[in-house]
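Here's the letter readout for the chains.
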Amino acid sequence: MDLFKFHTSATPGEDTHLVGGGEYIKGLRTKEWVDRYRDAGSVTLTSRADRGIREMLPEGTLVGMRGNTSVMIIEDHQESDDNDAIVTTTGRSLESFLENRIVRW
């Protein structure tokens, strides 16, 4: 399973809705990608803390899988308390972003 991070514009004044390429995510120990029909899908990634996944995939990063049309958004990073220093990165499908919307007149 090949996962990649979408590159989005980070400079002020650029259109933030454009995606300009991507980059494969390397250095993961385990990957879990779950697509669901009605509920939001989920992604769970584990890696060693020294791999820099937390810096590569900050919260809000869009992640895709080769051969799949779903897009996930990274929501959380948790580091284990034991001596292994494992980082668990979780996220949900892009539809979950709509849970935080505000409708105004």
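Criteria and thresholds
- Residues numbered from 1 in each chain as written.
- Predicted model: local features only at pLDDT ≥ 70, side-chain atom pairs only at ≥ 80, totals over all residues.
- Heavy atoms only, no water.
- Helix = DSSP H or I, 4+ residues; strand = E, 2+ residues; numbered from the N terminus.
- Buried < 20%, exposed > 50% of the residue type's maximum accessible area, 1.4 Å probe, protein only.
- Contact = heavy atoms within 4.5 Å.
- Areas by Shrake-Rupley, 256 points an atom, 1.4 Å probe, with all protein chains shown as cover.
- Patch = residues over 30% accessible without salt bridge, like charges linked within 9 Å, V, L, I, M, F, W, Y side chains within 5 Å.
- Salt bridge = Lys/Arg side-chain N within 4 Å of Asp/Glu carboxyl O.
- Core = buried A, V, L, I, M, F, W, Y, C linked by side-chain atoms within 4.5 Å.
- Pairing = 2+ DSSP bridges.

A. How the structure looks around the overall build of the chain. Across its full length, the chain carries one helix and seven strands. Across the 105 residues that make up the chain, the buried fraction comes to 30%. Considering only contacts in the chain between residues 6 or more positions apart, those separated by 24 or more positions represent 46%. Accessible surface, the chain: about 7,600 Å² in total, of which carbon and sulfur atoms supply 48%.

B. A look at a nonpolar patch on the surface. Together, Leu94, Phe97 and Leu98 give the surface a local cluster of nonpolar side chains, amounting to about 290 Å² of exposed area. Topologically, Leu98 is positioned in the segment after β7 (86-93).

C. Region of interest: the nonpolar core. Within the largest apolar cluster, 13 residues are counted, with the highest numbers of intra-cluster contacts made by Leu3, Ile25, Leu28, Trp33, Leu45, Leu57 and Val63. Looking at this core, the elements that each hand over two or more residues are β3 (28-34), β4 (42-48), α1 (53-56), β5 (62-65) and β6 (71-79). Sequence-distant contacts of Trp33, that is, excluding residues within four places in its chain, are made with Met1, Leu3, Ser42, Val43, Val63, Gly64, Met65, Asn68, Ser70 and Met72.

D. Structural context of the pattern of salt bridges. For the structure shown, the criterion picks out three salt bridges. Here Arg66 makes a salt bridge to Asp2, at a shortest N to O gap of 2.7 Å. In this pair, Arg66 is assigned in the loop between β5 and β6 and Asp2 in the segment before β1 (3-8), connecting sequence segments 64 residues apart. For Arg66, a relative accessible area of 56% corresponds to the exposed category. In this structure, Arg92 engages Glu75 in a salt bridge whose closest nitrogen and oxygen atoms are separated by 3.1 Å. Taken together, the residues span a long stretch of sequence, with Arg92 in strand β7 and Glu75 in strand β6 at a distance of 17 residues. Judged by its relative accessible area of 27%, Arg92 is partly exposed.

E. Highlighting the pairing of β5. Of the two faces of β5, both are covered, the one formed by Leu62 and Gly64 as well as the one formed by Val63 and Met65. Two strands pair when backbone bridges link them, and β1 and β5 are joined in this way by three bridges, in the antiparallel orientation. Its bridge partner being in β5, Leu3 is matched across the sheet by Met65. Summarising the sheet, β5 and β6 pair through three bridges and their orientation is antiparallel. Looking across to β6, one finds that Leu62 is bridged to Ile73. Between the antiparallel neighbours β5 and β6 lie five residues, among them Gly67 with a positive phi of about 85°.

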